[in-house]
Amino acid sequence: MVTTRKPASERKLEIVDAAIALAGEMGPDRLTTEHLAKHIGISQPAIFRHFPTKGDIWEAVAHRIAQLMARNMGSRVDQQASPHARLKTMVITHLEFINTTPAVPAILFSSELHNENEKLRAFFAGLMDARQIKLARLIREAGYSGKPHPNDAALLVLGLIQGLAMRWSLNAHQFDLVGEGERLLELLLDGFGEPS
């Protein structure tokens with residue numbers, strides 16, 4: 001096996017991105033370092049030179065997903081738009097990210113990964129908590145006439161995203177995730193009432 005020597009940071013990113021791609025194809029619980037090595041074209045010991053344990057790979061994957069999500073959101077959410085418009089953009093952008101990175105639901109909801117790695121579980125829980133806080137702030141700022149409690153409303157919005165992502169994953173991506181998300185988000189926001 002002949003491989004090109006790459007800088008450590010580049011190789012680590014390649015391993016992490018391969019883990020995300022392969023987790024989308026075969027599921028995170030079935031992914032092995034042997035699969036990663038074969039996909040990249042390097043040896044298994046080379047994987048372990050960059051990541052001493054498989055748990056280290058998954059923690060790097062979690063940080064990479066957070067980084068990609070933040071970059072995606074930052075480039076799409078217009079901070080000058082109304083809170084209502086920012087809320088809608090945030091949800092749709094999140095669904096678009098899941099649509100282009102189908103491993104995300106499998107990784108987020110992998111009980112095997114979470115049972116074996118408390119640090120990973122806590123990291124993803126923290127991401128969801130931060131997302132809930134941001135959604136609640138936008139809902140509060142939007143001042144919906146139905147006056148939903150911002151924290152409860154944020155949980156409903158998160159539940160919409162998570163439920164759709166799980167259903168889309170279980171249905172082998174056989175429906176338009178973003179289109180269905182837009183439709184259901186409109187229904188949900190209508191229930192919140194008119195924004196101020």
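What about the overall build of the protein chain?
Inference 1: Counting its secondary structure elements, the protein chain contains 10 helices and zero strands.
Inference 2: Ordered by position from N to C terminus, the α and β elements of the protein chain give α-α-α-α-α-α-α-α-α-α.
Inference 3: Projected onto its principal axes, the C-alpha positions of the protein chain cover 65 × 35 × 30 Å.
Inference 4: Sequence-distant contacts in the protein chain: of pairs separated by 6 or more residues, those separated by 24 or more amount to 64%.

A short note on a nonpolar patch on the surface
Inference 1: Taken together, the side chains of Phe109, Met166 and Leu170 define a hydrophobic patch exposed on the protein surface, amounting to about 280 Å² of accessible area.
Inference 2: Its location among the elements puts Leu170 in helix α9 (residues 150–170).
Inference 3: You can call Leu170 exposed: its relative accessible area is 68%.

Thoughts on the confidence of the model for the protein chain
Inference 1: With 98% of its residues at a pLDDT of at least 70, the protein chain reaches an overall mean of 92.
Inference 2: The secondary-structure element of the protein chain with the lowest mean pLDDT is helix α7 (residues 111–116), recorded at 78, while helix α10 (residues 177–192) shows the highest, at 98.

Comments concerning the packing of aromatic side chains
Inference 1: Throughout the structure, instances matching the rule amount to two aromatic pairs.
Inference 2: On the numbers, 6.0 Å between centres and 70° between planes, the contact of Phe123 with Phe124 is edge-to-face.
Inference 3: Residue Phe123 is classed as partly exposed on the basis of its relative accessible area of 24%.
Inference 4: Judged by its relative accessible area of 3%, Phe124 is buried.
Inference 5: Geometry around Phe51 places Lys12 over its ring, the cationic atom sitting 5.3 Å from the centre.
Inference 6: In this structure, Arg167 packs its charged tip against the face of Phe175, placed 4.4 Å from the ring centre.

Description of α10
Residues spaced three or four apart along an α-helix point in a common direction, a consequence of the helix completing one turn every 3.6 residues.
Inference 1: Between its first and last C-alpha atoms α10 spans 22 Å; for 16 residues at 1.5 Å apiece the expected length is 22 Å, and the two agree.
Inference 2: Taken together, the buried positions of α10 are occupied by Leu177, Val178, Glu180, Gly181, Leu185, Leu188, Leu189 and Phe192. All buried residues of α10 lie within an arc of 155° about the axis, which places them on one face of the element. For α10, exposure combined with an orientation more than 90 degrees from the buried face picks out Leu187 and Asp190.
Inference 3: Looking at the packing, one finds that the buried side of α10 touches α5 (83–100), α8 (118–142) and α9.

Topic: the nonpolar core
Inference 1: Of all hydrophobic cores here, the largest spans 59 residues; its most connected members are Leu36, Val61 and Ile107.
Inference 2: Element by element, the count of residues in this core is highest for α9, at nine residues.
Inference 3: Setting aside its immediate chain neighbours within four residues, Leu36 contacts Ile15, Ala18, Ala19, Leu22, Leu31, Ile47 and Ile57.

Focus on the pattern of salt bridges
Inference 1: Evaluation of the coordinates by the stated rule reveals 11 salt bridges.
Inference 2: The salt bridge partner of Arg11 is Glu14, with a shortest N-O separation of 2.5 Å. Linking Arg11 with Glu14, this pair stays in helix α1 (residues 8–26), spanning three residues, or about one helical turn.
Inference 3: Glu141 is the salt-bridge partner of Arg86, the closest N and O atoms lying 3.4 Å from each other. In this pair, Arg86 sits in helix α5 while Glu141 sits in helix α8, placing the two residues 55 residues apart along the sequence.
Inference 4: Judged by relative accessible area, Arg86 falls into the buried class, the value being 11%.
Inference 5: Under the relative-accessibility criterion, Glu141 is labelled partly exposed at 39%.
Inference 6: Each of Lys6, Arg11 and Glu14 takes part in salt bridges that share partners, so that together they form one network.

Some thoughts on the side chain of Arg11
Inference 1: By relative accessible area, which is 8% here, Arg11 ends up buried.
Inference 2: Among the polar contacts listed, one links the side chain of Arg11 to the side chain of Glu14, at a separation of 2.5 Å.

Analysis parameters
- Residues numbered from 1 in each chain as written.
- Predicted model: local features only at pLDDT ≥ 70, side-chain atom pairs only at ≥ 80, totals over all residues.
- Heavy atoms only, no water.
- Helix = DSSP H or I, 4+ residues; strand = E, 2+ residues; numbered from the N terminus.
- Contact = heavy atoms within 4.5 Å.
- Patch = residues over 30% accessible without salt bridge, like charges linked within 9 Å, V, L, I, M, F, W, Y side chains within 5 Å.
- Areas by Shrake-Rupley, 256 points an atom, 1.4 Å probe, with all protein chains shown as cover.
- Salt bridge = Lys/Arg side-chain N within 4 Å of Asp/Glu carboxyl O.
- Buried < 20%, exposed > 50% of the residue type's maximum accessible area, 1.4 Å probe, protein only.
- pLDDT = per-residue confidence, 0-100.
- Phe/Tyr/Trp six-rings, centres within 6.5 Å; stacked < 30°, edge-to-face > 60°.
- Lys NZ or Arg CZ within 6 Å of the ring centre and 35° of its normal.
- Expected span 1.5 Å × (residues − 1).
- Arc of directions from axis to C-beta.
- Core = buried A, V, L, I, M, F, W, Y, C linked by side-chain atoms within 4.5 Å.
- Polar contact = N/O pair within 3.5 Å; in protein donor to acceptor, adjacent residues only side chain to side chain.

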